[in-house]
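Secondary and tertiary structure notes
The chain contents come next:
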Amino acid sequence: MHTDRNTLFENLWANYQNVTPSAVQVHRILGAEEDQTIINDHIALRTFNLQPVGLDALAEHFLGLGYRERGEYHFKAKKLYARHYEHPDPEAPRVFISELLTEQCSPELQSVVKTLVEGVTEESVAADNFLYSGRHWSLDYDTYRKLLDESEYAAWLAAWGFRANHFTVSVNHLHNFETVADINQLLKDNGFKVNGSGGEVKGSPEDLLEQSSTMADRVPVQFSDQEATIPSCFYEFALRYPKPDGSLYNGFVAASADKIFESTNAGM
Ligand code: OOG
Ligand code: NI
């Protein structure tokens, strides 16, 4: 018997908010101004395209809960491939899963990542808690820095392991805020950093999706040899527009997603 959907998302949220203090604060600010429950537009997960942790293995958990595979996305420069999943229940968050195409990376990165993933068992990947089980390997700070030089995504994943890297507020469901720009202003008024890569509002009404995100929090992490403060997770905001048939657009926009990935970049 698998955990039900609500339990899975509650556990993902608990694990995410542990390392994302700003999400808790933003939640409170929106809640305070809204007096409403926050509906999640989507969450996102990251992985390496290596057995036994590839995209499909993560997706399996959602397929088992009634999710279905929908769009796919290519991020050539970042060497990523992604898919999104939807559930027939319109209140269920969409799920965006990406994977690093390791064979396109340097032999050094490939060898590091292979060693990290080697210790992950198929049993642990199939376990109910896998999607919020964090890091399954030991990692020293120097290796983290080396990964960072080549791929911010690889370094983030090596440091944080398996968890939701962001939750996303559905702006459509907010009552006191109508635009992503309004949300960005609220964030900045409250001292949060908005991801400005490609502009603070990503996408347009023509794309049928507008998004923005905070820059990831920076929190201390215990590496095998030392503690260091690095970017953790971020909070995102999405406003969807209706398609010609009147139903809301459910997909993602690759050009916007490409910039959202950068919310966990260290140098910003
Ligand atoms: C996913 C970035 C893409 C979106 O909404 O376009 C994304 C990630 O950072 O792992 O979430
Ligand atoms: Ni997102």
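Residues numbered from 1 in each chain as written. Chains lettered and ligands numbered in written order. Predicted model: local features only at pLDDT ≥ 70, side-chain atom pairs only at ≥ 80, totals over all residues.

Convention followed: UniProt positions are given in the numbering used here, feature names are shortened, and annotations may be inferred rather than shown by experiment.
For the protein chain, the name recorded in an unreviewed UniProt entry is 2-oxoadipate dioxygenase/decarboxylase, with Marinobacter salexigens as its organism. What UniProt states about the protein chain under its Sequence similarities (unreviewed entry) heading is, verbatim, "Belongs to the 2-oxoadipate dioxygenase/decarboxylase family." Its UniProt record gives the protein chain a comment under Cofactor (unreviewed entry), which states: "Fe(2+)".

Digging into unusual backbone geometry
To keep things clear, this is the line we draw: A run of H or I in DSSP counts as a helix once it spans at least four residues, and a run of E counts as a strand once it spans at least two, with each numbered from the N terminus. The burial label depends on the number of other C-beta atoms within 10 Å of a residue's C-beta. Counts of 20 or more mean buried, 12 or fewer mean exposed, and intermediate counts mean partly exposed, with C-beta atoms placed from the backbone.
The linkage connecting Gln51 with the following residue, Pro52, adopts the cis geometry, with an omega of 0 degrees. Counting through the fold element by element, Pro52 comes out in the loop between β1 (40-48) and α3 (55-63). Even without being glycine, Lys79 reaches a positive phi, approximately 60 degrees. Tracing the sequence through the fold places Lys79 in the loop between β2 (68-75) and β3 (80-86). Lys79 sits in the buried class, given 20 other C-beta atoms within 10 Å. Of note, the phi angle at Leu208 is positive, near 70 degrees, even though the residue is not glycine. Residue position: Leu208 is located in the loop between α8 (180-189) and β6 (209-213). Assessed through the 18 C-beta atoms surrounding it within 10 Å, Leu208 is described here as partly exposed.

So, the site of ligand 1
The cut-off we apply is this: Using the backbone to place each C-beta atom, any residue with that atom within 6 Å of a molecule or strand is considered near it. Residues are grouped as follows: Ala, Val, Leu, Ile, Met, Phe, Trp, Tyr, Cys and Pro are nonpolar; Asp, Glu, Lys and Arg are charged; every other residue, Gly included, is polar.
Ala44, Arg46, Phe96, Ser98, Asn165, Gln211, Glu236, Phe252, Ser256, Ala257, Ile260 and Phe261 make up every residue found near ligand 1. Secondary-structure elements contributing two or more residues to the shell around ligand 1 are β1, β4 (94-100) and α9 (254-260). Broken down by element, the residue count for the shell around ligand 1 peaks at three residues, all from α9. Class assignment for the residues of the shell around ligand 1 results in six nonpolar, four polar and two charged.

Things to note about α3
To be explicit about the condition: It is the directions from the helix axis to the C-beta atoms that the arc portrays. Note on contacts: each residue gets a C-beta atom placed from the backbone, and two residues are in contact if those atoms are within 7 Å.
Taken residue by residue, α3 has Leu55, Leu58, His61 and Phe62 as its buried positions. Projected down its long axis, α3 carries its buried residues within an arc of 120 degrees, all on one side. Buried residues in α3 make contact with β1, β3 and β4.

What about helix α4 (residues 107-118)?
Basically, it comes down to this: A helix's residues, less one, multiplied by 1.5 Å, set its expected span.
Under the 1.5 Å per step criterion, the end-to-end length of α4 is 16 Å for twelve residues, consistent within 8% with the ideal 16 Å. Burial in α4 covers these residues: Leu109, Val112, Val113, Leu116 and Val117. Projection of α4 onto a plane perpendicular to its axis shows the buried side chains occupying an angular sector of 125 degrees, all on one side. Facing away from the buried side of α4 by over 90 degrees, the exposed positions are Pro107, Glu108, Ser111, Lys114, Thr115 and Glu118. Summarising the contacts, the buried residues of α4 are in contact with β1, α6 (141-150) and α7 (152-160).

Some points on the sheet that holds β6
Note the threshold: When DSSP finds two or more bridges between two strands, those strands count as paired. All axes are obtained by fitting lines to C-alpha atoms, using only the stretch in contact for helices, and the reported angles, taken between N-to-C directions, cover 0 to 180 degrees.
Strands sit in the order β2-β3-β4-β1-β5-β9-β6 across an open sheet of seven strands; the sheet is mixed. The open sheet has two free edges, formed respectively by β2 and β6, since each of these has just one partner strand. Along the sheet, successive strands turn relative to each other by an average axial angle of 20 degrees, direction set aside. Where strand β5 (residues 166-170) lies against strand β9 (residues 234-240), five bridges are found, and the strand directions are parallel. Bridge pairing in β9 links Val169 to Phe237.

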